Amino acid sequence: MKNYFEEIGAWPRSHNIAGSYAVGFALSLMLTFAAYEFVVQNALPHGWLVAVVVGAAILQFIVQVYCFLHIGTDSSTRERLFALSFAGLLMLILVSGSLWIMFDLNGRMRPDSTQMVQYMNDQGGF
Amino acid sequence: MTDEFDRSGILSVDEKSKDSTIVFGFWMYLMTDLVLFASLFVVFVVLRGPEYGGASIKNTFDLQYVFIETIALLVSSFTCGLALLFAREGNVRGTVSWLLATFVLGAAFVAMEVSEFSRLLAQGLAPARDGFLSGYFTLVGTHGAHVTVGLLWLLAMVVAIAGRGLSRGNMRKLALFAMFWHFLDVIWIFIFTIVYLMGVL
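Residues numbered from 1 in each chain as written. Chains lettered and ligands numbered in written order. Predicted model: local features only at pLDDT ≥ 70, side-chain atom pairs only at ≥ 80, totals over all residues. Heavy atoms only, no water.

Caption draft 1: Inspection of the overall build of chain A at higher detail. A tally of helices and strands in chain A yields five helices and zero strands. Starting at the N terminus and walking to the C terminus, you meet the elements of chain A as α-α-α-α-α. Its C-alpha atoms give chain A a radius of gyration of 24 Å, clearly above 14 Å, the size a compact globule of 126 residues would have. Its C-alpha atoms give chain A principal-axis dimensions of roughly 80 × 35 × 20 Å. The proportion of buried residues among the 126 residues of chain A is 34%. A separation threshold of at least 6 residues defines the contact pool for chain A, and within that pool the share at least 24 residues apart is 55%. Accessible surface for chain A amounts to roughly 7600 Å². Of this, 68% is attributable to carbon and sulfur atoms. (Helix = DSSP H or I, 4+ residues; strand = E, 2+ residues; numbered from the N terminus. Rg over C-alpha atoms; globule rule 2.2 N^0.38 Å. Buried < 20%, exposed > 50% of the residue type's maximum accessible area, 1.4 Å probe, protein only. Contact = heavy atoms within 4.5 Å. Areas by Shrake-Rupley, 256 points an atom, 1.4 Å probe, with all protein chains shown as cover.)

Caption draft 2: Local environment of a nonpolar patch on the surface. Residues and elements named next belong to chain A. The grouping of Phe 86, Leu 89, Leu 90, Leu 92 and Ile 93 at the surface amounts to a nonpolar patch, some 500 Å² of accessible area in total. You can see Leu 89 is positioned in helix H4 (residues 78-109). Residue classification places Leu 89 among the partly exposed residues on the basis of a relative accessible area of 45%. (Patch = residues over 30% accessible without salt bridge, like charges linked within 9 Å, V, L, I, M, F, W, Y side chains within 5 Å. Salt bridge = Lys/Arg side-chain N within 4 Å of Asp/Glu carboxyl O.)

Caption draft 3: Spotlight on the packing of aromatic side chains. Overall, the coordinates contain 24 aromatic pairs over all chains when judged by the stated rule. Seen from their ring centres, Phe 5 of chain A and Trp 11 of chain A are 4.8 Å apart, and the 45 degrees between their planes marks the pair as tilted. A ring pair is formed by Phe 109 of chain B and Trp 188 of chain B, whose centres lie 4.9 Å apart and whose planes are at 90 degrees; its orientation type is edge-to-face. Residue Phe 109 of chain B is found in helix H5 (residues 92-122), and its partner Trp 188 of chain B is found in helix H7 (residues 168-200); the two are separated by 79 residues along the sequence. Across this residue pair, the class does not change: Phe 109 of chain B and Trp 188 of chain B are buried. The rings of Phe 44, Phe 61, Phe 109, Phe 117, Phe 132, Tyr 136, Phe 137, Trp 188 and Tyr 196 of chain B are connected pair by pair, giving a single aromatic cluster. (Phe/Tyr/Trp six-rings, centres within 6.5 Å; stacked < 30°, edge-to-face > 60°.)

Caption draft 4: Just the domain arrangement of chain A, in detail. Residue and element names in this part refer to chain A. Under the domain assignment used here, chain A contains domain 1 (1-74) and domain 2 (77-119). Relative to domain 2, the C-alpha centre of domain 1 lies at a distance of 27 Å. With 10 residues of domain 1 at the contact, the number on the domain 2 side is five residues. At the boundary of domain 1 with domain 2, total buried surface from both sides reaches about 620 Å², with 52% on carbon and sulfur atoms. (Domains from an automatic or database assignment. Buried area = accessible area lost by both parts, 1.4 Å probe.)

Caption draft 5: Geometry of the interface of chain B and chain A. Taken together, the contacts link 56 residues of chain B with 49 residues of chain A. Across the chain B to chain A interface the summed buried area is about 4800 Å²; carbon plus sulfur atoms make up 81%. For Glu 7 of chain A, the salt bridge is made with Lys 16 of chain B, and the minimal N-O distance between the two is 3.1 Å. Applying the counting criterion to the chain B and chain A interface returns six residue pairs in polar contact (both at pLDDT 80 or more). Contributing elements (two or more residues each) for the side of chain B that touches chain A: helix H1 (2-8), helix H2 (13-46), helix H4 (63-88) and H7 of chain B. Looking at which element gives the most residues to the side of chain B that touches chain A, the answer is H7 of chain B, with 17 residues. (Polar contact = N/O pair within 3.5 Å; in protein donor to acceptor, adjacent residues only side chain to side chain.)

Caption draft 6: Main features of the packing of H2 of chain B against H7 of chain B. Residue and element names in this part refer to chain B. Packing of H2 against H7 brings their axes to within 11 Å, and their N-to-C directions diverge by 20 degrees. Taken together, the axes of H2 and H7 are roughly parallel relative to one another. The chirality of how H2 crosses H7 is right-handed. Across the contact of H2 with H7, the residue classes tally to 20 nonpolar, no polar and six charged. (Axes fitted to C-alpha atoms, helices over the stretch in contact; angles between N-to-C directions. Parallel < 35°, antiparallel > 145°, perpendicular 65-115°, else oblique. Left-handed = near helix turned anticlockwise from the far one by under 90°. Nonpolar A, V, L, I, M, F, W, Y, C, P; charged D, E, K, R; others polar.)

Caption draft 7: Seen up close, the pattern of salt bridges. Evaluation of the coordinates by the stated rule reveals nine salt bridges over all chains. Where Glu 6 of chain A meets Arg 88 of chain B, a salt bridge forms, and the shortest distance between an N and an O atom there is 2.4 Å. You can see Glu 6 of chain A sitting in helix H1 (residues 4-7) and its partner Arg 88 of chain B sitting in helix H4, one on each of two chains. No difference in accessibility class separates Glu 6 of chain A from Arg 88 of chain B, as the two residues are buried. A single salt-bridge network, built from bridges that share partners, covers Glu 15, Asp 19, Arg 168 and Arg 172 of chain B.

Caption draft 8: Here's a closer look at the state of the cysteines. Scanning all chains against the criterion turns up zero disulfides over all chains. Left unpaired, Cys 67 of chain A is separated from the closest cysteine sulfur, that of Cys 80 of chain B, by 15 Å. (Disulfide = S-S within 2.5 Å.)

Caption draft 9: Spatial organisation of the side chain of His 143 of chain B. Its location among the elements puts His 143 of chain B in helix H6 (residues 131-164). A polar contact of 2.9 Å, which involves the side chain of His 143 of chain B, links it to the backbone oxygen of Leu 184 of chain B.

Caption draft 10: Just unusual backbone geometry, in detail. Residues and elements named next belong to chain A. With a phi angle near 55 degrees, Asn 42 is a residue other than glycine that sits in the positive phi range. When you line up the elements, Asn 42 lands in the loop between helix H2 (17-41) and helix H3 (46-67). On the basis of relative accessible area, Asn 42 is assigned to the exposed category, the value being 51%. A positive phi angle is found at His 70, which is not glycine, with a value near 55 degrees. Looking at the element boundaries, His 70 is found in the loop between H3 and H4. Overall, His 70 belongs to the buried group, its relative accessible area being 3%.

Structure follows, in C-alpha cells:
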C-alpha cells in the first residue's frame, strides 16, 4: 500500500510528491495573487494587462498540471501527457476555428459608415 | 482480495495493470470534459461583446469576492493532495481529516458561487436576458455543477474510508478523485482569468 499511487502510475516514481505539492501550491498562490493585483491596481496599459493576465494563467496551468496532476515525461505518466496533448490539439482547432469564423462574421455584418448614414437617412434623419 | 492487499501491501501484476488502466480511462474522461469546457469558453468569448449585452454585467462583478472564491478552491486542491500523501502513509485519520477540510473549502466555494448567482438573478440579470449572461451562466454553472458532484463523491469516499479503511478500492477512488478535483481547479484558473479578470479590464 505504501507506494500504491506510484504502482498504478498515478504518481511518477521520480517525483518528490510532497515537495511538488508544496511548490505547486506556493507558485499557484503567487500567480493568482499577482494577476489579481495587476488588474486591481490597473497600473499598465490595457494590452499589457491582458498579456500579463493570460501569461499568468498559462504559467499556472503548467504548474498545476505538473505539480498537482503529476503529468510529466516520466514513463508512467507519458501516455496521459499524450492524451492531454491530443486534447490540446482538438481544443486548438475548436477554439481558433470558432473564433475565426465568428469574429470574421461579425466584421462582415457590421455596416460601414456610408451604409450607416444611408440607413439613418432612410429612418428619418439623425 | 482487499484483505490480502491490506496484509501484504503488494499488488499482483493483474491488480496493478487493472488499476492503472482505470486511472488512464478516467484521465480520458477528463480530456473529453476538457474539450467540453473549451467549447463553453468559446461560446462565452463570442457572446461577451457589447452587441450581446456584455456591458450589462461588467460593473456588477466584485473581483475581491471572486478572488476569495478562487483561493478557497486552490487551497482545497492542495488539501486534497495532502489527503493522498497521508493515505500513502496508511494514516486513515490524517486522510479523513484532510478530505473533510477539502470538503469544507469546496462547499464554501459552491456556497459563494450560488450566492453570487442569486445576487445576479435578484438584479434581473438572468441567463435568458442576453447572450453574455447565457454564456456566463452556462460556463460558470457547468464548472459549479462539477464541483458539486465532486463534493458528493468526497462525502461518499469519507464514509467508505471510515468503514473499510484504506483498502485497495478506496485507494483507487482517492487517486481518481484527486485527478478530478485538481482538474476542476485547472479549469477555474481560466474561468477566473477569462471571465472575471479580463471581464473587468
